[in-house]
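Each chain, written out:
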Amino acid sequence: MTAAGDPDSAYVRMANLTKKFGDFTAVDAVSLDIRRGEIFCLLGGSGSGKTTLLRMLAGFERPSGGAIHIDGEDMSAIPPYERPVNMMFQSYALFPHMSVERNIAFGLEQEGLQRAEIRRQVGDILDIVKMGGFGSRKPHQLSGGQRQRVALARALVKRPKLLLLDEPLAALDRKLREHTQFELISIQQRLGVTCIVVTHDQEEAMTLGTRLGVMNHGRIAQVGTPSDIYESPVTRFVADFIGSVNMFEGRVSEDGAECVRIRSEELGCTVRAERSVHCVGGSTVWTAIRPEKINISRHRPLAASAQRADAAENVVRGTVREIAYMGDMSIYLVQLDSGRMMRVTLPNITRGTERGFAREESVWLSWHGSSPVVLTE
Amino acid sequence: MARLTSAAGRRLIAGIPTGWLLLLFLVPFIIVFRISFSEVRLAIPPYTPLLTFRHGSPALELHWSAYQFLFTDPLYVSSYLYSLKVAAVSTLCCLAIGYPMAYAIAHAGSATRPVLLMLIVLPFWTSFLLRVYAWIGLLKNNGVINNLLMSLGVIHHPLALLQTDFAVYIGIVYSYLPFMILPLYANLEKHDAALLEAAADLGARPARAFLRITVPQSFPGIVAGSLLVFIPAVGEYVIPTLLGRTDQLMIGRVLSDEFFENRDWPVASAVAILILLLLVVPILLFQRYQRRELEGAR
Amino acid sequence: MRERRLVPRVALVLGLAFLYGPILSMIVFSFNNSRLVTVWDAAHSPTLKWYGALLHNEQILGAAWLSIRIAVIAASVAVVLGTLAGTALARLGAFRGRLLLAGMVTAPIVMPEVITGLSLLLMFVALGQLIGWPKGVGALTITLAHITFCMAYVTVVVQSRLAGFDESLEEAAMDLGARPARVFFRITLPLILPAIVSGWLLAFTLSWDDLVITQFVAGPGSSTLPMVIFSKVRFGVTPDVNALATIMVLLVATGVAISTVWMRYRERRRARDLQLAAAANL
């Protein structure tokens, strides 16, 4: 991470990158800079264009428009077999008729290296992915986790300027996935390779990525660090796509320097949000509040008690309708007086249930002024 | 790979087989079509040219005589109808015998299934001609079946089995049965057992579940297997020649006789074109199925 | 559930008896001494005399040799053409002429043989008149005709094999720096090799077995084995054909038995490997 934060240090630069299949635009004028040494996660649902973007970087799809530069070099005319880019396929695509060693050596053989040198490099990379001793196995003799390591080693051994990973952990079971995530990060940091990861799994994207790009309908909806994306989504799509969120439509009633006030009929109270957004008084906006940022109490919170009931801010009444016990936390579905449901999560800090609320219990919900995010689109 | 191989390489990969088939499959049909509009004459080749040059300008000469001939002589019409009947009856027999067999294989244990499949396919690898020939020995007057029945005292005079419709049905069913069983098996094997369990759970008795769940789902297999039997059976030549009646010919035999015995190339060609017209719908249906099978995974 | 399975099981047993009964009777009567073929001559049977007669039948031996040569050449050329066509259909996406190729390649599989035979012969005649080649019909025209219908089957086998494995294997090879030609020879070809082998065997069998198309495009002096057999059996049963049939059935059965045992062995080895891999799961 040599020059993280410096916007001029774009190592991989996509400019207005577009891909059309007939009438369908899979990737729509995407401009994106990737920094040297980072793990950039492209996150999106199926059909969002993330895989097509990855395949254009690898050279399997020819862009309909725009350009790709890697380390200052234009990639347009360069076929996949000459690009300094390697890919780890979702299916791993290990050659079934070759041993692990032969699979890994395949890429090096194309470079015309000495046989001894190839053997040394294959041995080194097998040690790095902790697969030493498995070199003579065939792919079908390996477990899923082992195949994943071999696929990674096969791509890494080429020392690519850019490593592409297509859903790298999707084929692994949950326990193994978590373990592998951290190992992937440690290998990446050790080798310093720049990575782009495509995934539909937000948890995976958050853990792996130094930065994330959320894709929707072929466009990049937002780029930022995991906490940027989670805490400060810029659109309703991003807020809704990452984690769960309570979203209410409302109208800007007061646009102050430090805070905005939004009157929401759906919510049944005024929302005071401390962040200033550019919005015109009277315009329709949405407020998004994460479930874990909401307090739930039996009595009207003190801070709100001072306010007049009809002008209550950031506090609302409701009735607990459903409770889901998840072990580490509990989810409460609270029906507001307006009829809308609100989702609230509470960590189960203690054993036992003394903090728990009962179904059909009447409760107060409140939140801090820094919690709501105001979205204009 | 679509966008990766060089344009020249792609043209070569697709171009060579396409060129071969154009020359040895499509062009021949065009020639047959063309000759069917000629008249027979005593020359080499024995038909009139399609284009003649009169006063230096080309003139198209279309003769309908071959087709007229086919529709006026009842021999041809009855051969067509007879061929369709034989093919249809044989296909139904194949289906009736093949369906339970395919069903039994699909439900056999995983160890016996490949053995059973091999047993179904094995005869196909041995000579078709010899397998048809085997039935002559079984069916003829002093053949195995008649000898057996007579020695058992069931009959006193040999039954006329050979050179009958029955013998042709037997021959076609015997030769084409694997073509019915294999697509049926391929379909039945993919069925989800949970569907039948769900049907039973919802109160359907096994027979009803079979009729309402299994049969409708196996429809693509039934269609494919039936077409694989029906289409070649219509034009079958060897089986009716060796086992069939001498007073009623099938259309494939008629075509062959017109060509080899009468040396009437235009009529033989017209017969071929009319067979194709009868079969064009089944053939297109089969191709659609085949394409879906081969590309369905993609 | 049990009684419901009974009907198909009985049908299976009867069906298999139907398939194998005639073949067995042919084998039994090949050892019969009588000329009458189907009347068992208990006094002098079993005998090998028809096998001996077969060995001295120049006509049958010559025809068999011609059939083998034609089948080997036809199968080999058909494998090349069929592999090209299968690759084009499975891997080239939507290219111009795709529908044409796909339509032409599956048509010979179901086309009545009399039509294919007639059209090929008329084409050879027309071509001979036009450019003077081929000069008459014979082994050459038989081989060309056989290649054409054999390649259809090879195409189907290769195409379904290619559809069955992941295109990303080829992309991965290219991603690792292999040029298209190298990708084909190092990755694609080894993977479809089983399909190519079975395609070749299928093509060989079809060519070896074909009668109707061959009759149209054959000339004097180019009688293949099925043509010789056909002319013999057309007018009745002959005992040496029983012997010939027995030899062919035995050859095929042996070949299939060997390949089944081999496949079983490989399957068992694979199952053991999978168990090992599962045990080693990290």
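What counts and how
Residues numbered from 1 in each chain as written. Chains lettered and ligands numbered in written order. Predicted model: local features only at pLDDT ≥ 70, side-chain atom pairs only at ≥ 80, totals over all residues. Heavy atoms only, no water. Helix = DSSP H or I, 4+ residues; strand = E, 2+ residues; numbered from the N terminus. Buried < 20%, exposed > 50% of the residue type's maximum accessible area, 1.4 Å probe, protein only. Contact = heavy atoms within 4.5 Å. Areas by Shrake-Rupley, 256 points an atom, 1.4 Å probe, with all protein chains shown as cover. Lys, Arg positive; Asp, Glu negative; His and termini not counted. Charge placed at Lys NZ, Arg CZ, Asp CG, Glu CD. Rg over C-alpha atoms; globule rule 2.2 N^0.38 Å. Buried area = accessible area lost by both parts, 1.4 Å probe. Salt bridge = Lys/Arg side-chain N within 4 Å of Asp/Glu carboxyl O. Polar contact = N/O pair within 3.5 Å; in protein donor to acceptor, adjacent residues only side chain to side chain. Nonpolar A, V, L, I, M, F, W, Y, C, P; charged D, E, K, R; others polar. Pairing = 2+ DSSP bridges. Axes fitted to C-alpha atoms, helices over the stretch in contact; angles between N-to-C directions. Domains from an automatic or database assignment. Parallel < 35°, antiparallel > 145°, perpendicular 65-115°, else oblique. Disulfide = S-S within 2.5 Å. Core = buried A, V, L, I, M, F, W, Y, C linked by side-chain atoms within 4.5 Å.

Asks: Sorry, what's going on with the overall build of chain A here?
Replies: In terms of helices and strands, chain A carries 9 helices and 20 strands. Once the C-alpha set of chain A is aligned to its principal axes, its extents read approximately 80 × 50 × 40 Å. Evaluated residue by residue, chain A yields a buried proportion of 50% over its 377 residues. A separation threshold of at least 6 residues defines the contact pool for chain A, and within that pool the share at least 24 residues apart is 66%. Counting every atom, chain A has about 17,400 Å² of accessible surface; 48% of that belongs to carbon and sulfur. Charged side chains of chain A number 46 positive and 45 negative; the gap between the two group centres comes to 4 Å.

Asks: Just to check I follow, could you spell out the overall build of chain C for this structure?
Replies: Along its length, chain C carries 11 helices and 0 strands. Sequence-ordered secondary structure for chain C, helices as α and strands as β, is α-α-α-α-α-α-α-α-α-α-α. Taken over the C-alpha trace, chain C has a radius of gyration of 24 Å; the compact-globule value for 282 residues is 19 Å, which it surpasses by more than 25%. Principal-axis analysis of the C-alpha atoms places the extent of chain C at approximately 75 × 65 × 40 Å. Burial analysis of chain C (282 residues in total) assigns 57% to the buried set. Taking contacts inside chain C between residues at least 6 apart in sequence as the whole, the part at least 24 apart equals 67%. A total accessible area of about 12,500 Å² is found for chain C, and carbon and sulfur atoms account for 69% of it. Of the side chains in chain C, 23 bear a positive and 14 a negative charge, and the two mean positions are spaced by 2 Å.

Asks: Looking at this structure, I do not really get the interface of chain B and chain C. What am I missing?
Replies: When the parts of a complex come together, some accessible area is lost, and that lost area is often taken as the interface size. The interface is formed by 95 residues belonging to chain B together with 92 residues belonging to chain C. Contact between chain B and chain C buries roughly 8,800 Å² in total, counting both sides, with carbon and sulfur atoms accounting for 78%. In this assembly, chain B and chain C are joined by 0 salt bridges. There are 9 residue pairs in polar contact (both at pLDDT 80 or more) connecting chain B and chain C. With 19 residues, the single largest contributor to the side of chain B that touches chain C is helix α1 (residues 7–35) of chain B. Residue composition of the side of chain B that touches chain C, grouped by class: 72 nonpolar, 16 polar and 7 charged.

Asks: Where do I start with the sheet that holds strand β7 (residues 162–166) of chain A in this structure?
Replies: Neighbouring strands of a sheet are bound in pairs by backbone hydrogen bonds; such pairs are parallel or else antiparallel. All names here are of chain A. On the basis of which strands lie adjacent, the open sheet formed by 6 strands has the order β6-β7-β8-β3-β9-β10 and mixed pairing. Two strands lie at the open edges of the sheet, namely β6 (85–88) and β10 (219–224), each paired on one side alone. Within the sheet, the average angular offset between the axes of one strand and its neighbour, ignoring direction, is 20°. Where β7 lies against strand β8 (residues 194–199), 5 bridges are found, and the strand directions are parallel. Among the inter-strand pairings, L164 is bridged to a residue of β8, identified as I196. Contacting β3 (39–44), β6, β7, β8 and β9 (211–216), helix α1 (residues 50–58) runs over the sheet at an angle of about 145° to β7.

Asks: Help me understand the domain arrangement of chain A, please; the structure alone is not making it clear to me.
Replies: Residues and elements named next belong to chain A. With domains assigned, chain A is organised as domain 1 (7–239) and domain 2 (244–375). Placing the centre of domain 1 and that of domain 2 at their C-alpha centroids yields a distance of 40 Å. Buried surface at the junction of domain 1 and domain 2, summed over both partners, amounts to about 800 Å²; 53% is from carbon and sulfur atoms. Three residues stand out in domain 1 for area buried against domain 2, namely Y230, R236 and A239, and they jointly supply 68% of the buried area on that side. Our count for the domain 1 to domain 2 interface comes out at 1 salt bridge. Across the contact surface, domain 1 and domain 2 share 4 residue pairs in polar contact (both at pLDDT 80 or more). Among the secondary structure elements, those contributing two or more residues to the side of domain 1 that touches domain 2 are α7 (226–231) and α8 (236–241).

Asks: Please explain the packing of helix α9 (residues 206–217) of chain B against helix α10 (residues 219–234) of chain B as it appears in this structure.
Replies: How two helices pack is summed up by the angle between their axes together with the distance between the axes. Residues and elements named next belong to chain B. Viewed as axis vectors pointing N to C, α9 and α10 meet at an angle of 50°, and their least axial separation amounts to 4 Å. One way to sum up the angle between α9 and α10 is to call them oblique. Contact with α9, carried on its side by V215, P216 and Q217, involves F219, P220 and I222 of α10 and no other residues of that element. Grouping the amino acids of the contact of α9 with α10 by side-chain chemistry returns 5 nonpolar, 1 polar and no charged.

Asks: Mind showing me how you'd approach the environment of L162 of chain A here?
Replies: Residue and element names in this part refer to chain A. Its location among the elements puts L162 in strand β7. For L162, a relative accessible area of 0% corresponds to the buried category. In the structure, L162 is positioned 25 residues away from I187 in sequence and 14 Å away in space, judged by C-alpha atoms. In this view, L162 contacts V12, L57, I70, P84, V85, N86, T194, C195 and I196; residues no more than four positions away in its chain are not counted.

Asks: What exactly am I supposed to notice about the state of the cysteines here?
Replies: In protein structure, a disulfide is the covalent linkage between the sulfur atoms of two cysteines. Residue and element names in this part refer to chain B. Scanning the model with the defined rule gives 0 disulfides over all chains in all. Take C93: it sits in no disulfide, and the sulfur closest to it among the cysteines is that of C94, at 7.4 Å. With a relative accessible area of 29%, C93 lands in the partly exposed category.

Asks: Help me understand the nonpolar core in this model?
Replies: Taken as a class, soluble globular proteins show a tendency for nonpolar side chains to be buried jointly. Counting residues in each nonpolar core, the largest one holds 216 residues, and the members touching the most others are M14 and I196 of chain A. Here this core takes 15 residues from helix α3 (residues 58–91) of chain C, the largest share from any one element. Ranked by size, the runner-up nonpolar core spans 45 residues in total, among them F134, A155, L169 and C195 of chain A.

Asks: Help me understand the pattern of salt bridges, please; the structure alone is not making it clear to me.
Replies: Note on pairing: side chains with opposite charge can pair once their charged atoms come close. All names here are of chain A. This model, assessed by the stated rule, comprises 32 salt bridges over all chains. One salt bridge connects R272 with E313, and the closest N-O pair in it is separated by 3.2 Å. Of this pair, R272 sits in strand β13 (residues 269–273) while E313 sits in the loop between α9 (302–305) and β16 (315–325); the two residues are 41 residues apart in sequence, bridging distant segments of the chain. Judged by its relative accessible area of 16%, E313 is buried. Residue E322 is joined to R359 by a salt bridge in which the shortest nitrogen-to-oxygen separation is 3.2 Å. Of this pair, E322 sits in strand β16 while R359 sits in the loop between β18 (341–347) and β19 (362–366); the two residues are 37 residues apart in sequence, bridging distant segments of the chain. Accessibility expressed as a relative area gives 37% for E322, which makes it partly exposed. A single network of salt bridges, built from pairs that share partners, joins E254, R261, R272, E274 and E313.

Asks: Can you help me understand the pairing of strand β12 (residues 260–264) of chain A in this one?
Replies: Remark: a regular strand shows side chains that alternate across the two faces of the sheet. Residues and elements named next belong to chain A. Summarising burial for β12: 4 of the 5 residues are buried, a large majority. In terms of strand pairing, strand β11 (residues 246–255) meets β12 through 4 bridges, oriented antiparallel. Each residue of the ladder has a partner; that of E254, found in β12, is R261. Hairpin connection between β11 and β12: a loop of 4 residues separates the two successive antiparallel strands. In the sheet, β12 pairs with β13 via 5 bridges, with the strands oriented antiparallel. Looking across to β13, one finds that R263 is bridged to T270. Counting the residues that bridge the hairpin from β12 to β13 gives 4 residues, and of these G268 lies at a positive phi of roughly 85°.

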